[in-house]
Number of protein chains: 2
Amino acid sequence: MTVELDKAQAEKKLLVTDEIREAMALIRRGTDTFLIEEEFEQKLARAKMTGTPLRCKLGLDPTAPDIHIGHTVVLNKLRQLQDLGHTVIFLVGDFTAAIGDPSGRNVTRPPLSHEQIVENAQTYLNQAGLVLDLERTEVRYNSEWCNDLGSVGLIQLASRYTLARLLERDDFAKRYAEQAPIAMHELIYPLMQGYDSVALKADLELGGSDQRFNLLVGRELQRQYGQEPQCILTMPLLVGLDGQVKMSKSKHNYIGITDAPNDMFGKVMSISDALMWDWYDLLSLRGNAEIAQLKKECAEGCNPRDAKVLLAKEIVGRFHSDAAATAAEEEFNARFRAGAMPSDIPEMTVTASEGEIGIGQLLKTTGLVASTSEANRNIDQGGVKIDGQKVSDRGLKLHTGDVITVQVGKRKWAKITVA
Amino acid sequence: MTVELDKAQAEKKLLVTDEIREAMALIRRGTDTFLIEEEFEQKLARAKMTGTPLRCKLGLDPTAPDIHIGHTVVLNKLRQLQDLGHTVIFLVGDFTAAIGDPSGRNVTRPPLSHEQIVENAQTYLNQAGLVLDLERTEVRYNSEWCNDLGSVGLIQLASRYTLARLLERDDFAKRYAEQAPIAMHELIYPLMQGYDSVALKADLELGGSDQRFNLLVGRELQRQYGQEPQCILTMPLLVGLDGQVKMSKSKHNYIGITDAPNDMFGKVMSISDALMWDWYDLLSLRGNAEIAQLKKECAEGCNPRDAKVLLAKEIVGRFHSDAAATAAEEEFNARFRAGAMPSDIPEMTVTASEGEIGIGQLLKTTGLVASTSEANRNIDQGGVKIDGQKVSDRGLKLHTGDVITVQVGKRKWAKITVA
């Protein structure tokens, strides 16, 4: 009887208050996968009851120190968790990074020295510190426990998982089906990543959508090691300035977190209204209610441009300062005031041969002028502006990746992506 | 030019003398697989030229200390190699034995303590010492290098092999196809076994037929680690006394190496002539020429019984002493002299219900007597012998697994297996 009562006690659900339901809604915002929500709700309730913060883990890739705002989506989610009182853990995978890919098949994964790893991690943390409160962030290196595992520990770890389960990972399944070689250590790496969650006693692990499988391994291994399994949360990739494809440096559709305030502000102002709401979900630290209110106002006739200004200021404020954000807004208004930029500017893409295109050719191609001589005349008369600034040089070149707002005279506007 | 000359030099084959050809023929005798013979011939030639013995490895299973003569087949092959001047290495897999099967799937593989492992290995060596010259035997424990591998070394080892190659192993392929679980550590064990060959710089690895795949892994890993790959040699399983199935305790068709001299001698004498020649190949330390001569004599009319006596004496001599062998021969002759055991006795199998059968029932069932009362009469008159010894007890029970030679009166004989 006692045993049954104990069991009933253990299985008893904790009360989910409105506060917790609201926290859940915030955490859920913008996520790609969030498993298992009921479990996480209970974790939140328990954390509240016991006053013990939840441990939220993010694996950090110490090979790529420079980040753009696309990379901050997951940091933002972590910041929300911090603001809810929970602990963020950056897990630096120095153990595997130091090994690299010993089979030499993957040249993008060279072994890194310990110094390089620590330096890269520090560069990353300096950047992440713009989003997160580093005072409330735990930074751990997995060599701390992976070295101690030893060959015995690694074999015991391997015994906790079956081949079939590992081959469920999309890329493994695909390569196996295509008879492309899978070196055995590649199958061990997800187990080691999962073991990090065991060592850290993680309550939640975050990652990109492509990490879903690996995060689930951690969940499973924790269960095997007698721990309460972590929940997992994956974030989608941020769509870039073009509104078409994922933000990346190679697509030239990104905002670097070290971009100058005016550039950053202008780039945010250049995105479409639809994309703006996605960015709100993924990049803003405003609460759900506040965002819902903004959407409501726009639906009732307010200019979406005002909401975009708010977002642009929030982002510039985060990566520079509130003062810089205000200055960028003023600068932006000053540039465009005269021209009274319409709220809906036609968007077009121009292909630059060999990576560059002259301003005259660009204006002609987009139909903003009828000929290059008309383009030149307008330039000479000060009637051509790029991002609000007068063009005086007929020989100006634009380059692949440039995204610019062009004004010819008072009424002709275009947002042009140079491809 | 120099490079090409060096290469030609390196690829130059060493002279294969008649002595080496003869050694090859001896080593080849009775083998199941012997790869690659040309390579091994060259290894032998180089050993001869440089005076450096070859390193011949046998992995030892420290979980099963008690052996029967079926287990000595591979020891015999090692003894031939010792007699040719080469080094025998017993590799005690204490590293993996101490881990056992952490997934708990394989109950026949419990983790063993270091003490148990050393004790089992010593028990095995005491027995193996009856076949081998232990003075010229190196005993190594793989914990020596496997612990030092660490988790990094193990991952680097794993990177040397692909999943597809490991799944070529029959049992893995079968289980994968049948969707039976394969725990990841099971895939690591063959790599560790192969790494033992790297650590030992083995020239040859021996094993049972079921070890073929694992031995090939060692070959491949040595190549990966820049060593000359080992050759591999597998021996078939010895067919047991019944001439039907592999020798094993559970089939009751075995000769234990601690069996008493008379039992051992009588059991060898009970095997068929055809099986005798297999046993000669696998158990005798006589040279090929000597065995060929014996066969020739039998083909020319000599009684195969004489050849069987020679084999029986060799085996008893090995596990006891030459004196014991001579005594066993005399005892055997004394028992059967009176009855003049015919050279070809009919063989039959009797099924014992619930594991045992009375002597009367047995004699009736096999048709040696017409009724149990005739059986009892014969017993009372001292006319029934089992393995040359008079039966005086009407209530004698035979048991499943017994293989006996029964004589009733002067002329009725049968070799009976109780099933």
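Residues numbered from 1 in each chain as written. Chains lettered and ligands numbered in written order. Predicted model: local features only at pLDDT ≥ 70, side-chain atom pairs only at ≥ 80, totals over all residues. Heavy atoms only, no water.

Points about the environment of Ile257(B)
All names here are of chain B. Secondary-structure assignment places Ile257 in the loop between strand S6 (231-235) and helix H12 (261-269). Sequence separation of Ile257 and Gly70 is 187 residues, and the distance between their C-alpha atoms is 9.4 Å. Among all residues touching Ile257, those that are not within four sequence positions of it are Ile67, His68, Ile69, Thr72, Gln127, Leu130, Met264 and Phe319. (Helix = DSSP H or I, 4+ residues; strand = E, 2+ residues; numbered from the N terminus. Contact = heavy atoms within 4.5 Å.)

Quick look at the sheet that holds strand S4 (residues 137-141) of chain B
Residue and element names in this part refer to chain B. In spatial order, the strands read S1-S6-S5-S2-S3-S4; together these six strands make up an open sheet with mixed pairing. Bordering the open sheet on either side are strand S1 (33-35) and S4, each of which pairs with just one other strand. Strand-to-strand twist across the sheet, computed as the mean angle between neighbouring axes with direction ignored, equals 20°. Inspection of the sheet shows strand S5 (residues 204-208) paired to S6 by five bridges, in the parallel sense. Residue pairing across strands places Gly208 opposite Met235, the latter belonging to S6. Across the sheet, helix H10 (residues 184-200) touches strand S2 (55-60), strand S3 (87-92), S4 and S5, and the angle it forms with S2 is around 145°. (Pairing = 2+ DSSP bridges. Axes fitted to C-alpha atoms, helices over the stretch in contact; angles between N-to-C directions.)

A few points about the pattern of salt bridges
Note on pairing: side chains with opposite charge can pair once their charged atoms come close. Overall, the coordinates contain 58 salt bridges over all chains when judged by the stated rule. For Glu39(A), the salt bridge identified is with Arg219(A), shortest N-O distance 2.9 Å. Placement of the pair is Glu39(A) in helix H3 (residues 37-50) and Arg219(A) in helix H11 (residues 212-224), with a sequence separation of 180 residues. By relative accessible area, Glu39(A) is classed as partly exposed at 27%. By relative accessible area, which is 8% here, Arg219(A) ends up buried. Put simply, Asp18(B) and Arg21(B) hold a salt bridge, and the shortest N to O gap is 3.5 Å. Here Asp18(B) and its partner Arg21(B) are both found in helix H2 (residues 18-28), three residues apart, which amounts to about one turn of the helix. Using a relative accessible area of 44% as the deciding quantity, one classes Arg21(B) as partly exposed. Taken together, the salt bridges that share partners define one network made up of Lys43(A), Arg46(A), Asp203(A) and Glu228(A). (Salt bridge = Lys/Arg side-chain N within 4 Å of Asp/Glu carboxyl O. Buried < 20%, exposed > 50% of the residue type's maximum accessible area, 1.4 Å probe, protein only.)

A few points about unusual backbone geometry
In this model, Leu35(A) is joined to Ile36(A) through a cis peptide bond whose omega is -15°. Here Ile36(A) is to be found in the loop between strand S1 (33-35) and H3. Here Gln179(B), not a glycine, exhibits a phi torsion of approximately 60°, which is positive. Checked against the element boundaries, Gln179(B) lands in the loop between helix H9 (170-177) and H10. You can call Gln179(B) exposed: its relative accessible area is 72%.

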